Amino acid sequence: MDELMNCMHCGFCLPACPTYQQTGLESYSPRGRIALMKGVAQQQLAVDGEFEKNMFACLGCRACETACPAGVPYGSLIETAREVVADHKKETGRPPLVHRLVFKHLFPHPKRIKWLGNALWAAQASGLQKLADKTGLMRILPREMAEMQQAVAKVASPLARSKRAPVLKAEGETRLTIGLFTGCVMDVLFYETNQATARLLSKAGCDVVIIDNQACCGALHAHSGEMDGAIELAKRNIEAFEQAGVDFVVNNAGGCGAALKEYHHWFANDPHWTERAQAFVAKVRDANQLLAELPPLTFSKPLHARVTYQDSCHLAHGQGVRNQPRQLLRSIPGVEMIELKEADSCCGSAGIYNITNFDMSMQILDRKMERVKETQAHFIVTSNPGCLLQMKQGIIRAGLQGQMEAVHIMDLLDRALS
């Protein structure tokens, strides 16, 4: 309630909020949602369908936190509001089947995500995915899934993933020992990006350790009000990296990193885990952040290209990491860096928002692509897997295939080292 009351309703958040900009509705703005939260907290409003709709229409991009002069921690408030909604649903009936499958039976189990990855690889390798596209079979999927699958790149084969060494030694003198947070979906859909990240850290003088018993970061659970599940995943990760004894826990996904850096808040009321969570958070670094602090990389392959950068919301607004990615991109020989207008405004991905709120997500994406087109860039670079998929989809929707490529910053840096 103290944090809710800190909101002065000044309106500084309104220009920063993508959903308010699209709709003009007060209930789709941060201050409007906070007013609704106050009403529920003071038992003046019910936790009904309208409240749920307004809370889950939020992208959770946290741009309002950057804009807010009072420092209201909107990100934690919206997660708490969604937790209230989730708890209310459990009291009044069982959550939907898909919800239970995703949060109870999929993301807590890394092996199951890998099995799904294997199935996707098989569909791609056998030509089934192309055949389904050509014959129109994809139309049986919901529209949001049918469009999204076009943006999914080829995934690494099970054989390639099985050959990964548990440790990649530093080239030259070892400066640090790094535990690479591989993520769940990241290590399936973007396995090569994780490999590129490991190579970059190795070039920078780090021993890179892959820890088998790590789990999903818990971000999707937390954003969906499933805090019990998020906390269980956090415990598994804290224990795994404690046992590894690494100097830093490094990730390459803005959304995952923001969650990892907030573990100590998740355990604020649990004295048995508070100190362990704080120690874990003290070691968490984004890959851009750490690479910018280490001696400069020596690039051997100039990239004669125009490059623009789309901020990951949870990297920029959640973690305050803005300059380091740009610094790294400018260090690549031959790169012409073009600053993107509204680079730190959300692209509309927001975890699974582009599936659960497809129409709003695409409206935000189309606006973003108008800005991207203005740069005439050859590469649109991101620091988050969800943003990368969204920008790939944006390129398809804007008809820019062959003119522009969406790429993760770790992959682009790795190309320049090759």
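As a reminder, the structure under discussion sits directly above these lines.
Keep in mind it's a predicted model, so treat the numbers as computed, not measured.

**Remarks on the overall build of the chain**
Reasoning step 1: Looking only at helices and strands, the chain has 25 helices and nine strands in total.
Reasoning step 2: For 418 residues, the compact-globule estimate of 2.2 N^0.38 gives 22 Å, and the C-alpha radius of gyration of the chain, at 21 Å, lies within 12% of that figure.
Reasoning step 3: Projected onto the principal axes, the alpha-carbon positions of the chain cover approximately 65 × 50 × 45 Å.
Reasoning step 4: When the 418 residues of the chain are sorted by exposure, 53% land in the buried category.
Reasoning step 5: Within the chain, counting contacts between residues at least 6 apart in sequence, those at least 24 apart form 78% of the total.
Reasoning step 6: Surface accessibility of the chain: about 19,000 Å² in total, with carbon and sulfur atoms responsible for 54%.
Reasoning step 7: The distance from the centre of the 45 positive side-chain charges to the centre of the 43 negative ones in the chain is 6 Å.

**Looking at the nonpolar core**
Reasoning step 1: If you look at the biggest cluster of nonpolar residues, it comprises 38 residues, and the most contacted ones within it are Leu 329, Ile 332, Val 381 and Leu 412.
Reasoning step 2: Among the nonpolar cores identified, the runner-up in size contains 27 residues, and Phe 181, Met 227, Ala 230 and Ala 277 belong to it.

**Some words on the environment of Leu 297**
Reasoning step 1: Locating Leu 297 in the fold gives a position in the loop between helix 19 (287-293) and strand 6 (305-309).
Reasoning step 2: Along the sequence, Leu 297 and Leu 200 sit 97 residues apart, while their C-alpha atoms lie 8.1 Å from each other.
Reasoning step 3: Residues contacting Leu 297, with those up to four places away along its chain left out, are Leu 200, Lys 203, Ala 204 and Leu 417.

**Things to note about helix 6 (residues 74-92)**
Reasoning step 1: Between the first and last C-alpha of helix 6 there are 27 Å, a value that for 19 residues agrees with the 27 Å anticipated at 1.5 Å per step.
Reasoning step 2: Among the residues making up helix 6, those that are buried are Tyr 74, Gly 75, Leu 77, Ile 78, Glu 79, Ala 81, Arg 82, Val 85 and Ala 86.
Reasoning step 3: On the buried face of helix 6, the contacting elements are helix 1 (2-5), helix 3 (30-41), helix 4 (49-56), helix 5 (63-67), helix 14 (219-223) and helix 17 (263-266).

**Overview of the packing of aromatic side chains**
Reasoning step 1: Using the criterion set out here, one finds five aromatic pairs in the structure.
Reasoning step 2: Look at Tyr 263 and Trp 266: their rings are 5.1 Å apart centre to centre, the planes differ by 45 degrees, and that puts the pair in the tilted class. Linking Tyr 263 with Trp 266, this pair stays in helix 17, spanning three residues, or about one helical turn. The burial state of Tyr 263 is the same as that of Trp 266; both residues are buried.
Reasoning step 3: Centre to centre, the rings of Tyr 263 and Phe 280 are 5.2 Å apart; their planes meet at 15 degrees, and the pair counts as stacked.

**Overview of the packing of helix 3 against helix 4**
Reasoning step 1: Two elements in contact, helix 3 and helix 4, have axes separated by 10 Å at closest approach and are oriented at 140 degrees. Both helix 3 and helix 4 take part in a crossing whose hand is left-handed. Packed against helix 3, whose contacting residues are Arg 33, Leu 36, Met 37 and Val 40, the element helix 4 presents Phe 51, Asn 54 and Met 55 at the interface.
Reasoning step 2: For the contact of helix 3 with helix 4, a count of residues per class yields five nonpolar, one polar and one charged.

**A word on the pattern of salt bridges**
Reasoning step 1: Scanning the model with the defined rule gives 22 salt bridges in all.
Reasoning step 2: Between Lys 89 and Glu 52 there is a salt bridge, with the nearest N and O atoms lying 2.7 Å from each other. In this pair, Lys 89 is assigned in helix 6 and Glu 52 in helix 4, connecting sequence segments 37 residues apart.
Reasoning step 3: A relative accessible area of 31% places Lys 89 in the partly exposed class.

**Describing the side chain of Asn 251**
Reasoning step 1: Tracing the chain through its elements places Asn 251 in strand 4 (residues 248-251).
Reasoning step 2: Note on Asn 251: relative accessible area 0%, which makes it buried.
Reasoning step 3: One polar contact links the side chain of Asn 251 to the main-chain amide nitrogen of Ala 253, over a distance of 3.3 Å.
Reasoning step 4: For Asn 251, the side chain forms a polar contact with the main-chain nitrogen of Gly 257, separated by 3.5 Å.

**Overview of the environment of Thr 382**
Reasoning step 1: Here Thr 382 lies in strand 8 (residues 379-382).
Reasoning step 2: For the pair formed by Thr 382 and Tyr 309, sequence separation is 73 residues and the distance between their alpha carbons is 6.1 Å.
Reasoning step 3: For Thr 382, the residues in contact, after removing those within four places along its chain, are Tyr 309, Gln 310, Cys 387, Leu 388, Met 391, Val 407, His 408 and Ile 409.

**With respect to the side chain of Arg 164**
Reasoning step 1: Position of Arg 164 among the secondary structure elements: in the loop between helix 11 (158-162) and strand 1 (167-168).
Reasoning step 2: A polar contact of 2.7 Å, which involves the side chain of Arg 164, links it to the side chain of Asp 187.

**Quick notes on the sheet that holds strand 7 (residues 335-337)**
Reasoning step 1: In spatial order, the strands read 7-6-8-9; together these four strands make up an open sheet with parallel pairing. The open sheet terminates on both sides in strands that have one partner only, identified here as strand 7 and strand 9 (405-408). Neighbour to neighbour, the strand axes of the sheet diverge by 35 degrees on average, direction disregarded.
Reasoning step 2: Pairing of strand 6 with strand 8, which is carried by three bridges, proceeds in the parallel orientation. Pairing of Val 307 across the sheet is with Phe 379, part of strand 8.

Calculation notes
- Residues numbered from 1 in each chain as written.
- Predicted model: local features only at pLDDT ≥ 70, side-chain atom pairs only at ≥ 80, totals over all residues.
- Heavy atoms only, no water.
- Helix = DSSP H or I, 4+ residues; strand = E, 2+ residues; numbered from the N terminus.
- Rg over C-alpha atoms; globule rule 2.2 N^0.38 Å.
- Buried < 20%, exposed > 50% of the residue type's maximum accessible area, 1.4 Å probe, protein only.
- Contact = heavy atoms within 4.5 Å.
- Areas by Shrake-Rupley, 256 points an atom, 1.4 Å probe, with all protein chains shown as cover.
- Lys, Arg positive; Asp, Glu negative; His and termini not counted.
- Charge placed at Lys NZ, Arg CZ, Asp CG, Glu CD.
- Core = buried A, V, L, I, M, F, W, Y, C linked by side-chain atoms within 4.5 Å.
- Expected span 1.5 Å × (residues − 1).
- Phe/Tyr/Trp six-rings, centres within 6.5 Å; stacked < 30°, edge-to-face > 60°.
- Axes fitted to C-alpha atoms, helices over the stretch in contact; angles between N-to-C directions.
- Left-handed = near helix turned anticlockwise from the far one by under 90°.
- Nonpolar A, V, L, I, M, F, W, Y, C, P; charged D, E, K, R; others polar.
- Salt bridge = Lys/Arg side-chain N within 4 Å of Asp/Glu carboxyl O.
- Polar contact = N/O pair within 3.5 Å; in protein donor to acceptor, adjacent residues only side chain to side chain.
- Pairing = 2+ DSSP bridges.

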